[in-house]
Amino acid sequence: MRVMVFVKGDPGSEAGQLPDEALVDAMTRFNEELVGAGVMLAGDGLHPSAKGVRVRFDGPKKTVIDGPFSEAKELVAGYWIWQVRSLDEAVEWLKKAPFDGGTEVEIRPIFESEDFLAEGGYDSSIRDREDRIKETIAARS
């Protein structure tokens, strides 16, 4: 199963403050451990919301909203994508992360094409198209 791990923002990350070198070093060691175990598929930190936009869709109207956005603790400051056997395994890995100071991290399973077929009853041609998209992306890497 793949999961997305969301590292929530804080006032410092929203102000554009980079973490101190010790934390970056500890996170790099943790990422190396994840990669070595075959768990980490992707991951990055994100710029503050002031450098981003949101797009709101309302019928034919599309509204672009410039950042910054309020409630830093509800924003995403970084993410990982992990391949794990279960949500419990993801939690065990996350407990090893070098976070402190009230950092909040959310783990959510990623839908796979099979989930849409099994749960939604969608046509199997959707899975075939999704597989082709993933193959095209992988070939570009």
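See the structure above.
In this report, we go over the structure that sits alongside the text.

Reading the values: the criteria
- Residues numbered from 1 in each chain as written.
- Predicted model: local features only at pLDDT ≥ 70, side-chain atom pairs only at ≥ 80, totals over all residues.
- Heavy atoms only, no water.
- Pairing = 2+ DSSP bridges.
- Helix = DSSP H or I, 4+ residues; strand = E, 2+ residues; numbered from the N terminus.
- Axes fitted to C-alpha atoms, helices over the stretch in contact; angles between N-to-C directions.
- Buried < 20%, exposed > 50% of the residue type's maximum accessible area, 1.4 Å probe, protein only.
- Polar contact = N/O pair within 3.5 Å; in protein donor to acceptor, adjacent residues only side chain to side chain.
- Contact = heavy atoms within 4.5 Å.
- Salt bridge = Lys/Arg side-chain N within 4 Å of Asp/Glu carboxyl O.
- Arc of directions from axis to C-beta.
- Patch = residues over 30% accessible without salt bridge, like charges linked within 9 Å, V, L, I, M, F, W, Y side chains within 5 Å.
- Areas by Shrake-Rupley, 256 points an atom, 1.4 Å probe, with all protein chains shown as cover.
- Lys, Arg positive; Asp, Glu negative; His and termini not counted.
- Charge placed at Lys NZ, Arg CZ, Asp CG, Glu CD.

Points about the sheet that holds strand β6 (residues 105–109)
- Spatial ordering of the open sheet is given by β2-β5-β1-β6, a layout of four strands whose pairing is antiparallel. The open sheet is flanked by β2 (40–45) and β6, the only strands paired with a single partner. The sheet shows a mean angle of 15° between the axes of neighbouring strands, direction not considered.
- Strand direction decides the pairing type here: β2 and strand β5 (residues 76–83), joined by five bridges, are antiparallel. Its bridge partner lying in β5, Gly43 is registered against Trp80.

Here's the deal with the side chain of Glu89
- Here Glu89 shows up in helix α3 (residues 87–94).
- Exposure remark for Glu89: the relative accessible area of 15% places this residue in the buried category.
- For Glu89, the side chain forms a polar contact with the main-chain nitrogen of Arg85, separated by 2.5 Å.
- Among all residues touching Glu89, those that are not within four sequence positions of it are Val39 and Val84.

Quick look at the pairing of β5
- Of the strand pairs in this sheet, strand β1 (residues 2–8) and β5 are connected by seven bridges, and their pairing is antiparallel. When the bridges of β5 are listed, Val3 appears paired with Trp82.

Topic: the pattern of salt bridges
- What the rule picks out here adds up to nine salt bridges.
- Among the ionic pairs, Glu89 bridges to Arg85, the shortest N-O distance being 3.9 Å.
- Given the relative accessible area of 73%, Arg85 is considered exposed.
- Salt bridges linked by common partners bring Lys8, Glu104, Glu106 and Arg108 together as one network.

Some words on α3
- Every buried residue belonging to α3 is among Glu89, Ala90, Trp93 and Leu94, and all of these are buried. Angular distribution of buried residues about the axis of α3 spans 140°; they occupy a single face of the element.
- Contact partners of the buried residues in α3: β1, α2 (21–36), β5 and β6.

Overview of a negative patch on the surface
- A cluster of acidic residues, Glu114, Asp123, Asp128, Glu130, Asp131 and Glu135, forms a negative patch at the surface.
- The biggest single contributor to the negative patch is helix α5 (residues 124–140), with four residues.
- Residue Glu135 is classed as exposed on the basis of its relative accessible area of 55%.

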